[in-house]
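Observations on chain architecture
Spelled out from the first residue to the last, the chains are:
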Amino acid sequence: MCGRFTRTKTIQEYAEYFEAEGIDENELDYNITPSDSILAVVAENDQTRHLTWFHWGLIPFWSNGPDKRFSMINARHESLKQKPAYRTPFKRHRCIIVADGFYEWKQTEDGKQPYYIKLTSDEPMALAGLWDNWESKETGESIYSTSIITTDANKIIKPVHERMPAILPAETFSFWLDPMNEDTEKLEELLKPASSELFDVYPVSRRVNNPINNDLQLLKDVTG
DNA sequence: CCAGACGTTGTT
DNA sequence: GTCTGG
DNA sequence: CCAGACGTTGTT
DNA sequence: GTCTGG
């Protein structure tokens, strides 16, 4: 699954990498947790791309509002076409969530050991995501929210965890983001596990476990 | 037809 | 909104 | 995802 | 055990 990740570069770098219109804000984060605001790329009908913030945890537009009983921080790619919460967003509300790496935990005899997973190339990680917009009938308040799509873990991640986020290669960004594209068969093919050869996986400090910790040292390999 | 649900992971 | 269950 | 909190009534 | 908060 993907329940914690990082965003370690500047907005300007992401704007350039994703060929998207930036925003006049910046916030590095070494320990992003569910319910945080997260950065994503969306495209308009004319294919113009924008960076924008979303609440992490999908709130369907038809729901009565944020509901803590549900934690829709991840969407299994196997259920996108079927589940009511994901069907329409998969057709019309796809986005790319901006990350540089993510954490997964392995249960050990003496507790939970976090691992950091990043691209060997040090490029940004393009996580496949869905978004929705919920509006309050009372106040008119609008919440843009998002969910990260998960898929089977690849060979290098499987020893740590059974699932991983779907990661998009740069040449598929346009196809994935195009809001007019409703070819769910072909879109689904992009959600296969990314190749093991692209990744570094290593154990990091258990300070990651507590979301209050948020500093560059969290990314340090503790193997020695 | 209406009522009610609408989620994932890991662990058991 | 849309699907499932009754 | 993990960490941390978690409850009411009646009597003093 | 289960829910909330971060």
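Shown above is the structure to which this text applies.
It should be emphasised that the depicted structure is a prediction, and the values quoted were computed from it without experimental measurement.

Side note on the protein's contact with DNA strand C
Around DNA strand C, the neighbouring residues are F61, W62, P84 and R87. The sugar and phosphate moieties of DNA strand C supply 21% of its atoms located within 4 Å of the protein. Interatomic distance of 2.8 Å between a side-chain N/O atom of R87 and a phosphate oxygen of DNA strand C. Taken together, the residues that form the surface near DNA strand C break down as three nonpolar, no polar and one charged.

A word on the nonpolar core
Residues F18, L51, I96 and W176 are the most contacted members of the largest nonpolar core, which totals 30 residues. For this core, the secondary-structure elements that each account for two or more residues are α1 (11-17), β3 (37-43), α2 (84-92), β6 (94-99), β9 (125-135) and α3 (173-177). Among residues more than four places away in sequence, those in contact with L51 are I11, Y14, A15, A20, E21, G22, I23, L39, A40, V41 and V98. In this structure, C2, F102, I148 and F199 belong to the second largest nonpolar core, which totals 25 residues.

Some words on the environment of Y202
Note on placement: Y202 falls in strand β12 (residues 199-203). Residues in contact with Y202, not counting those within four places in the same chain, are Y115, Y116, K118, L219, K220 and D221.

Focus on the layout of surface pockets
Unfilled space is identified by rolling a water-sized probe across the atoms. There is about 460 Å³ of room inside the largest pocket. If you trace the largest pocket, you find 23 residues lining it, with L58, I59, P66, D67 and F70 closest to the centre. Taken together, the elements giving at least two residues each to the lining of the largest pocket come down to β4 (49-56) and α2. Looking at the lining of the largest pocket residue by residue, the classes come out as 12 nonpolar, seven polar and four charged. The calculated volume of the second largest pocket comes to roughly 320 Å³. Along the walls of the second largest pocket sit 21 residues, with I167, L168, P169, A170 and L198 positioned nearest its centre. Broken down by class, the residue content of the lining of the second largest pocket amounts to 15 nonpolar, three polar and three charged.

Digging into the pairing of β4
Here β3 pairs with β4 via seven bridges, running antiparallel. Across the sheet, the residue bridging to V42 is H50, located in β4. Remark: five residues form the turn of the hairpin made by β3 and β4, two consecutive strands paired antiparallel; Q47 in that turn has positive phi of roughly 75°.

Here's the deal with the protein's contact with DNA strand E
Looking at DNA strand E, the residues that line it are R4, T33, P34, S35, K68 and P211. Expressed as a percentage, the sugar and phosphate content of the atoms of DNA strand E within 4 Å of the protein is 17%. Contact distances for DNA strand E include 3.4 Å between a base nitrogen and a side-chain N or O atom of S35.

Section: the environment of H55
Mapped onto the elements of the fold, H55 is located in strand β4. Considered as a pair, H55 and Y86 are 31 residues apart in the sequence and their alpha carbons are 16 Å apart. Apart from residues lying up to four places away in sequence, H55 is in contact with S35, D36, I143, Y144, S145 and T146.

Describing the packing of aromatic side chains
All chains considered together, the criterion is met by 11 aromatic pairs. Note on F90 and W176: the rings are 6.3 Å apart at their centroids and 50° apart in plane angle, and the pair reads as tilted. One end of the pair, F90, is in helix α2; the other, W176, is in helix α3, and 86 residues separate them in sequence. In this structure, F90 and W176 share a single accessibility class: buried. Seen in terms of ring centroids, W131 and Y144 are 5.9 Å apart; in terms of plane orientation they differ by 40°. Their pairing is tilted. Of the two residues, W131 sits in strand β9 while Y144 sits in strand β10 (residues 142-152), which places them 13 residues apart along the sequence. Among the residues examined, Y144 registers a relative accessible area of 41% and is labelled partly exposed.

Re the pattern of salt bridges
Taken as a whole and assessed by the stated rule, the structure comprises 12 salt bridges. A salt bridge links R206 to D110, with the nearest nitrogen and oxygen atoms 3.6 Å apart. Of this pair, R206 sits in the segment after β12 while D110 sits in the loop between β7 (101-108) and β8 (111-119); the two residues are 96 residues apart in sequence, bridging distant segments of the chain. You can call R206 partly exposed: its relative accessible area is 34%. A salt bridge links K186 to D183, with the nearest nitrogen and oxygen atoms 3.8 Å apart. Through salt bridges with shared partners, a single ionic network connects R76, E78, D152 and R163.

What counts and how
Residues numbered from 1 in each chain as written. Chains lettered and ligands numbered in written order. Predicted model: local features only at pLDDT ≥ 70, side-chain atom pairs only at ≥ 80, totals over all residues. Heavy atoms only, no water. Near = heavy atom within 4 Å. Polar contact = N/O pair within 3.5 Å; in protein donor to acceptor, adjacent residues only side chain to side chain. Nonpolar A, V, L, I, M, F, W, Y, C, P; charged D, E, K, R; others polar. Core = buried A, V, L, I, M, F, W, Y, C linked by side-chain atoms within 4.5 Å. Buried < 20%, exposed > 50% of the residue type's maximum accessible area, 1.4 Å probe, protein only. Helix = DSSP H or I, 4+ residues; strand = E, 2+ residues; numbered from the N terminus. Contact = heavy atoms within 4.5 Å. 1 Å grid on protein atoms, 1.4 Å probe; cavity = no way out; pocket = protein on both sides within 12 Å on 5 of 7 lines; lining within 4 Å. Points joined across faces, edges and corners; volume = space filled by probe spheres on them. Pairing = 2+ DSSP bridges. Phe/Tyr/Trp six-rings, centres within 6.5 Å; stacked < 30°, edge-to-face > 60°. Salt bridge = Lys/Arg side-chain N within 4 Å of Asp/Glu carboxyl O.

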